[in-house]
Amino acid sequence: ERKETLRQQSQSLRIAAAHAQAQKKVLEVKFQKDPYHKGTQSVLNQGFPGLRGAVGVLLKYPAHLGHWVESVLGNKLNFLVFDHMEEANEALAWLKEHNLGRARCIILDKVPETQVPDLSFMPNANSLLAFVQSDPELEGLKKYLLGQAFLAGNTLYDEGTIDGGSDVPPPA
């Protein structure tokens, strides 16, 4: 009887592993076909004057706060950062000319000044900016992307959005 139980468990695990492998392949194909992934990677690999990198690489934050920062940044994690508009336009024209996909760019000299809210009246509120590091010349970018976001307890507040509840433990 124990041998049969082990055989059934083994078969269930093989089926689950095959299913997970199939899902992984579908996601990989979808990811590779994404014109923004392809274009962003192409620009990063080629390198261009004024290209600083992708937002997700330029901003440093502790791993345990990653889900909060990534929640606020969303797809902007993969945006390319250029110093000037002309440099970004050159990279986008190169993508178009070589049919290599698309990219979204943030232009440092076009990033608006962002006022950071005063959180002194909110007990236990901390701006996400306090936990994120960047090169000094990228401080304006950091404020632009994260300046309105703050944590109060286990809840994240950003412009018109709130992220909270409880974390679901991973399956055993």
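Sequence order as written defines the numbering, with residues in each chain counted from 1. Note on the predicted model: pLDDT of at least 70 is required for a residue's local features to be given, and 80 or more for side-chain atom pairs to be given and counted; whole-chain, interface and lining totals, by contrast, use all residues. The side-chain values count all of the structure's non-hydrogen atoms but skip hydrogen atoms and water molecules.

**Details of the pairing of strand β6 (residues 155-158)**
As a reminder of what qualifies: Paired strands are those between which DSSP finds at least two bridges. Secondary structure elements follow DSSP: runs of H or I of four or more residues count as helices, runs of E of two or more count as strands, with numbering from the N terminus.
Pairing between strand β5 (residues 150-152) and β6: three bridges, direction antiparallel. In the sheet register, Leu 151 faces β6, and the bridge partner there is Leu 156. The antiparallel pairing of β5 with β6 creates a hairpin that spans two residues between the two strands, and Gly 153 there sits at a positive phi of about 65°. The pairing of β6 with strand β7 (residues 161-163) spans three bridges and is antiparallel. Across the sheet, the residue bridging to Asp 158 is Thr 161, located in β7. Once β6 ends, the chain turns through two residues before running back antiparallel as β7, passing Gly 160 with a positive phi of about 75°.

**Overview of the packing of helix α2 (residues 35-46) against helix α5 (residues 85-97)**
This is how it is decided: Note on geometry: axes are lines fitted to C-alpha atoms, helical ones only across the stretch in contact, with angles between N-to-C directions running from 0 to 180 degrees. Convention used here: angles under 35 degrees read as roughly parallel, angles over 145 as roughly antiparallel, angles from 65 to 115 as roughly perpendicular, and any remaining angle as oblique. Two helices crossing with the near one rotated counterclockwise from the far one by less than a right angle form a left-handed crossing, whereas a clockwise rotation gives a right-handed crossing. The contact definition used throughout considers only heavy atoms, calling two residues in contact when any of these lie within 4.5 Å.
Axis separation between α2 and α5 bottoms out at 10 Å; the angle between their running directions is 115°. Taken as axis vectors, α2 and α5 run roughly perpendicular relative to one another. Crossing of α2 against α5: the hand is right-handed. Contact with α2, carried on its side by Gly 39, Ser 42, Val 43 and Gln 46, involves Ala 91, Trp 94 and Leu 95 of α5 and no other residues of that element.

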